[in-house]
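Here are the chains, one letter per residue:
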Amino acid sequence: MTRQSAWLFPGQGAQRRGMGRELFDRYPDAMAAADRILGFSVRELCLGDAAERLTDTRYLQPALFVVNELTRRACAAREPAPDYLAGHSLGEYNALLAADAFDFETGLALVARRGELMGRATGGAMTAVVGPGAARIVDLLAEAGIDDVDLANLNSTEQVVLSGPAESLRRAAGAVTAAGAGRCVPLRVSAAFHSRYMADAAREFAAFLAGFELRDPRIPVIANVTARPYRPGEVGRLLAAQVHSAVRWSESMAHLRSRGVDRVVEQGPGRVLTGLWDAAVKDAANGSAAKPRPAAGSAPAPAAAAAAPDGAPTAERPASAGPMPAAPASAGLASAGPASAGLGSAGPASAGLAPAVPAPAVSAAAMPAPAGPMPAAHASAVPAPGAPAVPAAAPAAGVEPSPYGARAGGGTARTVSGPAAGPIGVAPERLGSAAFRADYGVRYAYLAGSMYKGIASTELVARMARAGLLGYFGTGGLRTERIEAAIATLRAELGPDGSFGMNLLHALHDPPLEEATVRLFLRHRVRFVEASGFTQPTRALVLYRLSGAHRDGTGRAVAPNRLLAKVSRPEVATAFMEPAPEALVRGLLAEGLLTAAEAEAGRALPLAGEVCAEADSAGHTDAAVAYTLMPATTGLRDRIVAERGYPDGIRVGAAGGLGAPESLAAAFVLGADFVVTGSVNQCTPQAGTSDAVKDLLAQADVQDTGYAPAGDMFEIGARVQVLRRGTLFAARANKLYQAYRQYDGLEAIDAKLRRTIEDGWFHRELEQVWKETREYYLRAGRPQEVERAEQDPRHRMALVFRWYFVHSTRMAMRGDPAERVNYQIHTGPAIGAFNRFAAGTTLADWRNRHVDAVAEALMAGAARVLQDRFSSLAR
């Protein structure tokens, strides 16, 4: 069985004064949102004089929810996404948030309301039973004639929590002590949580939940109520049921073990859940752990009955047999009412509540796997009840695009029914290369590519990182001071271990700028760089890739710097798949910029560990066709890796035209190890361009783009793809290139054309443009460009015409309404495809298209497309 991992989120009882201290400053946006929604300062609650309120459920639950989530964000920035999620009581809300069942703001609203309802509950008490006899608690209660106590937490065979009337709990403690079954520790709670006595609160919470539309989780979340992953459409119902149902934690851990999970990470304060997991693993090795009971639908099945749903065929009951009657609740646990053992409903079913479920007859043999001793005699060491959690199933198919984590004011998203993973299960987190996801520390094999002049902004890159994804900041056209400031901003936002990438755009006319940018990356230990616009390797690329390269303890060549090269021609792909050119390596070695060890290790590595086949795309493009470029590139990769014997191979990605789920699905079918999006991210709130540009992009269709000369490579005729609808830039830029080809200098331009350029396009005389251009190059420390232009009229004309490309970009990014016809907006037809995909959903409005929501929608959609296609082929 494949090795799997899980993230576990603690619940009430894990809190401590000072929790979150190292996290609050790293996530100011989250803290501001939490304080706004909750109406109090989480920081002051956890760190300041208000810390005494950490004993109040109304304040504690939302505060712990915030700390758990910030812990997860920090972990997601350095570790790959888990295969499963689980949370103890309150912690399950964090598990659901991590699985995108709702956004942060919605989760806060739910947890705050839940804490309020539970804080209002009074009467009753809870007691932890710790010891080797805890598994016999049900029999002990029955023998003592105690029928009004429920099992609230089933943490292990050596730790359970009882819930019920205080007097009955005292009698129960006496029975346990008299039998020598363990010690009993009263918990400091205000009510009998997770029991039949919370039915009123559960009904009220169900009514509150009805106001939210909750998504099916994208990563399997193990439900406290069922000890199984959520199935489609269960989130709201099980959230309500969890308020008055038992936390079946040890069964949940047993289920994780049965699915191959061998590593867990606790996401929150303390290590109680890690201890429970370790003890469960130890007991399993000793053969004393109980096997997880199969789930009967979405509610726990009575242990005395068959484990399958009523009417479902089992080994003992053929499919033709009629439904089996529910087994009666075990004696002594449910005779006082329909609730039983804390695992079922606490009263008649009501709107929005799970129907009453007969209690399982829990016996020593049926008790869940053990979970480790409760440290000392402190009640806080027992995962406390006070916080229902919601488990989630994982089929990503069936979730329609919605602005995850991005709805203003904590709005809601729609859950759309769709096929669960069938015989051929396809989930978005399984698309592409697992090794790529691990090396890049991302949940999906999906990257947000760069867009020049900071359009791929620090805000965009940071949001991707917080979502467990990676984006590249757009450095093209920016000075090194701006680039360094962007790196500092991202470090401050994401912490020293936060993952982000930076773009390196080929500086055809300014090689020193390219090398200075790389030195900046190396000084600040930027580990992920996207190289774009290159037609061959350069000194700067080799310096970045080989700096720090070495042989590990096994003699294997490794490089800490990951270089992703965008290519659109086979010969360029070949150059990046081969080791760095020896002449460049020797030159850097001679200058002392590389060590002998770095040079030697570099000879056993490809120049780029990732090569992205870029089909017809925004910006610089060769108008390549993905259906031919991808097979050519993967074929080259296979040949070169076989010849060179690279230890880690080369990953091939796809870019260009990725604006609809079908496009991503096709890329993965063509063999893409990962995908890189571009145009779709320019029309997001995080993109560093004007609202006017985003309005135009949101109206574009697939046919609304055209080609124009590239301003940075104007003289050689390189092209970029731009928006044609609503702007005349493409037509005017092409006319300028024709003039450059036709005339020997500005003075030779036809008088009529010159008037058109000066009066209609530039709104200034060409001589004035040259004056501005001349001053710019002198300020930039590039007097050689001025000297050449003054000696070469044609070069002077090229620099003047290139001014228009800078001006048109600047006006677009500012959103100057008077210059709208001159807007230069790099985009490919992918934006039109996404607009069609998003029509009729919350993503139709670009203000809802947060960059991580776009990623989720496209990847989930791609998984759904593949699921549907494969299923149809399997019929």
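Residues numbered from 1 in each chain as written. Predicted model: local features only at pLDDT ≥ 70, side-chain atom pairs only at ≥ 80, totals over all residues. Heavy atoms only, no water.

Per the secondary structure count, the chain includes 30 helices and 21 strands. Counting over 875 residues, the chain shows a buried share of 61%. Taking the contacts inside the chain whose residues are at least 6 apart along the sequence as the reference set, 75% of them involve residues at least 24 apart. (Helix = DSSP H or I, 4+ residues; strand = E, 2+ residues; numbered from the N terminus. Buried < 20%, exposed > 50% of the residue type's maximum accessible area, 1.4 Å probe, protein only. Contact = heavy atoms within 4.5 Å.)

Time to look at the nonpolar core. As a rule of thumb, nonpolar side chains are buried together in soluble globular proteins. By size, the foremost hydrophobic cluster in this structure holds 87 residues, and its most contacted members are Y446, M502, F521 and F576. If we skip the residues at most four places from it in the chain, F521 touches T475, I483, I487, M502, N503, L504, V526, V529 and Y544. (Core = buried A, V, L, I, M, F, W, Y, C linked by side-chain atoms within 4.5 Å.)

Overall, parallel pairing links the eight strands, which are arranged β9-β10-β11-β12-β15-β16-β18-β19 in a closed barrel. Neighbour-to-neighbour, the strand axes of the sheet open up by a mean angle of 25°, direction not taken into account. Relative to strand β19 (residues 674–677), strand β18 (residues 651–655) runs parallel, the two sharing three bridges. The partner of A654 across the bridge, within β19, is V675. Packing against the sheet, helix α15 (residues 511–523) makes contact with β11 (501–505) and β12 (528–532), and its axis sits at approximately 165° to β11. (Pairing = 2+ DSSP bridges. Axes fitted to C-alpha atoms, helices over the stretch in contact; angles between N-to-C directions.)

This next bit is on helix α10 (residues 249–258). Three or four residues apart is the spacing at which side chains of an α-helix point the same way, because the helix has 3.6 residues per turn. The element α10 is extensively covered by neighbouring structure, given that nine of its ten residues are classed as buried. All buried positions along α10 are accounted for by W249, S250, E251, S252, M253, A254, H255, L256 and R257. Considering only its buried residues, α10 is in contact with β1 (4–9), β2 (84–87), β4 (150–156), β7 (221–222), β8 (261–266) and α11 (272–286). Looking at the residues trailing α10, positive phi occurs at G260, about 95°.

Taken as a whole, this structure holds 19 aromatic pairs when the rule is applied. Of the aromatic side chains, those joined through ring pairs into one cluster are F714, F729, Y737, Y740, F762, F801, W803, Y804 and F805. The lysine or arginine in question, R73, covers the ring of F104, its NZ or CZ lying 5.1 Å from the ring centre. For R719, the ring lying beneath its charged end belongs to Y707, and the centroid distance is 4.4 Å. (Phe/Tyr/Trp six-rings, centres within 6.5 Å; stacked < 30°, edge-to-face > 60°. Lys NZ or Arg CZ within 6 Å of the ring centre and 35° of its normal.)

Take E614: it is sitting in strand β16 (residues 610–614). With relative accessibility at 15%, the residue E614 sits in the buried group. In this structure E614 touches K566, V567, S568, A624, L629 and A655, once residues within four positions along its chain are discounted.

Here we come to the pairing of strand β21 (residues 719–723). Buried residues dominate β21, accounting for four of its five residues. As paired strands, strand β20 (residues 705–709) and β21 are joined by five bridges and run antiparallel to one another. Paired with Y707 across the bridge in β21 is Q721.

A contiguous nonpolar surface patch, about 310 Å² in accessible area, is contributed by V669, F870 and L873. Inspection of the secondary structure assignment puts F870 in helix α30 (residues 851–874). (Patch = residues over 30% accessible without salt bridge, like charges linked within 9 Å, V, L, I, M, F, W, Y side chains within 5 Å. Areas by Shrake-Rupley, 256 points an atom, 1.4 Å probe, with all protein chains shown as cover. Salt bridge = Lys/Arg side-chain N within 4 Å of Asp/Glu carboxyl O.)

The two faces of β19 match: F674 and V676 on one face and V675 and T677 on the other face are all buried. Summarising the sheet, strand β9 (residues 446–448) and β19 pair through three bridges and their orientation is parallel. Bridge pairing in β19 places L447 opposite V676. As for the winding sense of the linkage, the β-α-β connection from β18 through helix α21 (residues 661–669) to β19 is right-handed. (Right-handed = clockwise from strand over helix to strand, strands pointing away.)

The subject of this paragraph is the pattern of salt bridges. Tallied over the full model, the rule gives 53 salt bridges. E610 is the salt-bridge partner of R651, the closest N and O atoms lying 3.0 Å from each other. Placement of R651 in strand β18 and of E610 in strand β16 is noted, with a sequence separation of 41 residues between them. On the basis of relative accessible area, R651 is assigned to the buried category, the value being 7%. Linking R796 and E767 is a salt bridge whose minimum nitrogen-to-oxygen distance equals 2.7 Å. Residue R796 is located in helix α28 (residues 793–814), and its partner E767 is located in helix α26 (residues 766–779); the two are separated by 29 residues in the primary sequence. Overall, the relative accessible area of 12% leaves R796 in the buried class. Counted as one network, the salt bridges with shared partners bring together D100, R218, R443 and E856.

Glancing now at unusual backbone geometry. A positive phi angle, near 60°, is found at A227, a position not held by glycine. Although it is not a glycine, H763 adopts a positive phi angle of roughly 60°. Positionally, H763 belongs in the loop between α25 (751–762) and α26.

Pairing is antiparallel across the open sheet formed by four strands, whose spatial order is β4-β5-β3-β6. Among the strands making up the open sheet, the edge pair consists of β4 and β6 (183–186). Across the sheet, the mean angle from the axis of one strand to that of its neighbour is 20°, orientation sign disregarded. Summarising the sheet, β4 and strand β5 (residues 159–164) pair through five bridges and their orientation is antiparallel. Looking across to β5, one finds that S156 is bridged to Q159.

As a further point, take the side chain of E530. With respect to the helices and strands, E530 occurs in strand β12. Residue classification places E530 among the buried positions, given a relative accessible area of 0%. Apart from the residues lying within four places of it in its own chain, the contact partners of E530 are G449, S450, Y472, M502, N503, L504, L564, K566 and V676.

One way to put it is that α26 packs onto helix α27 (residues 783–791) with a least axis distance of 7 Å and a crossing angle of 145°. Contacts between α26 and α27 involve W770, R774, Y777 and L778 from the former and P783, E785, V786, A789 and E790 from the latter.

Moving on: the confidence of the model for the chain. In this model, the chain carries an average pLDDT of 82, and 83% of its residues clear a pLDDT of 70 or more. Mean pLDDT across the elements of the chain bottoms out in strand β17 (residues 619–620) (66) and peaks in β19 (98). This model gives residues 290–424 a pLDDT under 50, and the stretch forms 403 contacts once residues within four places in sequence are excluded. (pLDDT = per-residue confidence, 0-100.)

With that out of the way, let us pick up the environment of D744. Residue placement: D744 occurs in the loop between α24 (729–742) and α25. Measuring from C-alpha to C-alpha, the distance between D744 and R794 comes to 5.3 Å, with 50 residues separating the pair along the chain. When residues no more than four places from it in sequence are discounted, the contact partners of D744 are P793, R794 and M797.

Another aspect to go through is the environment of A32. By the element assignment, A32 lies in helix α1 (residues 28–38). A relative accessible area of 46% places A32 in the partly exposed class. When the C-alpha positions of A32 and V42 are compared, they lie 9.4 Å apart, and in sequence the two are ten residues distant.

Right, let's get into the environment of F212. Relative to the helices and strands, F212 resides in the loop between α8 (199–209) and β7. As a C-alpha pair, F212 and L110 span 102 residues in sequence and 9.2 Å in three-dimensional space.

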